[in-house]
Amino acid sequence: MATPMSWGTYLPMLLRSQFLRSIPYPTTSFAGQTVIVTGSNTGLGLEAARHIVRLGAAKVILAVRTISKGEAAAANILKSTNATKNTIEVWPLDLSRSSSIKEFAVKAARLDRLDALVQNAGILTQRFGLVEGNEAHIGVNVVGAVMLGLLILPKLKETSKRFHVRTRLSFVGSDMQYVAQFKEARTTGSLFDALNREEEANMGDRYATSKLLLLYAVREMAARSPPTPGSDVIINFMTPGACKSDLFRDDLSWVFFMVQRIMMAIFARTTEVGGRTLTDAVRPDLSNEAHGAFLMDCRVVPNGSSVESAKGQLLQQRFNKELFARLEAISPRVTKIL
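Definitions and limits used
Residues numbered from 1 in each chain as written. Predicted model: local features only at pLDDT ≥ 70, side-chain atom pairs only at ≥ 80, totals over all residues. Heavy atoms only, no water. Helix = DSSP H or I, 4+ residues; strand = E, 2+ residues; numbered from the N terminus. Expected span 1.5 Å × (residues − 1). Buried < 20%, exposed > 50% of the residue type's maximum accessible area, 1.4 Å probe, protein only. Arc of directions from axis to C-beta. Contact = heavy atoms within 4.5 Å. Pairing = 2+ DSSP bridges. Axes fitted to C-alpha atoms, helices over the stretch in contact; angles between N-to-C directions. Core = buried A, V, L, I, M, F, W, Y, C linked by side-chain atoms within 4.5 Å. Right-handed = clockwise from strand over helix to strand, strands pointing away. Phe/Tyr/Trp six-rings, centres within 6.5 Å; stacked < 30°, edge-to-face > 60°.

The protein appears in an unreviewed UniProt entry as Retinol dehydrogenase 12 from Lindgomyces ingoldianus.

## Brief notes about helix α3 (residues 67-81)
In this model, α3 (15 residues) spans 21 Å end to end at C-alpha, consistent with the 21 Å of a helix rising 1.5 Å per residue. Buried within α3 are the following residues: G70, A73, A74, I77 and L78. Looking down the long axis of α3, one finds its buried residues gathered within 135° of arc, a one-sided arrangement. Turning to α3, the residues buried within the fold contact α2 (43-54), β2 (59-64) and β3 (88-92). Phi turns positive, to about 60°, at N82, one or two residues after α3.

## Quick look at the sheet that holds β3
In spatial order, the strands read β3-β2-β1-β4-β7-β8-β9-β10; together these eight strands make up an open sheet with mixed pairing. At either margin of the open sheet sits one strand with a lone partner, and together these are β3 and β10 (299-301). Each strand of the sheet is rotated relative to its neighbour by a mean of 25°, with strand direction disregarded. Bridge count between strand β1 (residues 34-38) and strand β4 (residues 116-119): three bridges; the pairing is parallel. Note on β4: the bridge partner recorded for V37 is V118. Along the sheet, helix α4 (residues 98-109) makes contact with β1, β2 and β3, crossing β3 at roughly 145°.

## Describing the nonpolar core
Within the largest apolar cluster, 66 residues are counted, with the highest numbers of intra-cluster contacts made by I152, Y178, L323 and L327. Here this core gets 13 residues from one element, more than from any other, and that element is helix α5 (residues 136-163). Beyond its immediate stretch of four places on either side in the chain, Y178 contacts P4, M5, Y10, M13, F294, M296, V301, P302, N303 and G304. In this structure, V37, A48, A57 and V60 belong to the second largest nonpolar core, which totals 32 residues.

## Topic: the environment of L295
For L295, the location among the structural elements is in strand β9 (residues 294-296). With relative accessibility at 6%, the residue L295 sits in the buried group. For the pair L295 and L338, spaced 43 residues apart in sequence, the C-alpha to C-alpha distance is 22 Å.

## Here we look at the pairing of β1
Most of β1 is tucked away, with five of its five residues classed as buried. As paired strands, β1 and β2 are joined by five bridges and run parallel to one another. Note on β2: the bridge partner recorded for V35 is V60. For the handedness criterion, the β-α-β arrangement of β1, α2 and β2 is classed as right-handed.

## Digging into the packing of aromatic side chains
All chains considered together, the criterion is met by five aromatic pairs. Both rings, one in W91 and one in F104, keep their centres 5.3 Å apart while their planes meet at 65°; by these two values the pair is edge-to-face. Taken together, the positions of W91 in strand β3 and F104 in helix α4 put the pair 13 residues apart, joining distant regions of the chain. Exposure class is identical for W91 and F104. Each is buried. Among the aromatic residues, ring-to-ring pairing joins Y178, F237 and F294 into one connected group.

Next up, the structure:
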């Protein structure tokens, strides 16, 4: 596989990002637009949805696993923005279940318009588990996320053509993709089968690897679906940086819990600032430069050697061939949308 970025290179870059980069407060109007934010009952998704409502969106759909939590989030946003109640809708979505993704996409297709999807929902855990035959990180962060993006893309294209607007599809990734080890890439067989072997799984690396694989898939989607006057959709992959959020939900010993709390207090961005980065990645005035790009600190940055090197490009092709075949098995012709 391609050699990932060294920690000696990654950490100084991350520190510059966290402490020296200023994240702009979103000001671009979303007036009249409809936006979906997944995983938006808490954390970064909630704050992104709040910003988008504040910026005048006609409708913001909170896509969540638990409706009651989504309704509480909606009430919280309405209270802080003074928006009208009909501005926010709460829809069920579970990225670990293909049936839920398909049902959600069918419902989204009935919308009058859809201007942006913030694909924020995901998991990070140290526990090995399977969802619909895939290791959970791969099943949710990659297979589920890409399947939803593909099924929503026709509505984004339709909206672009009908209303003469630039629509946006953004996947929340991680700068951890720079240092993903992805040792499973050394196998000569199926990458998915290798990722499913519990006895060989490095769960400390699995989240980073899932985000690298998501980047591979997003780049393929963007390459196959370039913006055109009749289908002007910007597809990108972004990182919010290290932020205070509810992503870290595993049960930890009290020692690790306290260390994590202290490090996050010193190092991490606030959840509100993190939400700004998600909002920026789908702002209506995004340029073509953002299409197929990796966004960090609200700007386009290099993808890293695991993507740009010759070995990385071969690995991207290899993984996407297997991923798209798997997606076709779940939802026939879904990859023909591109």
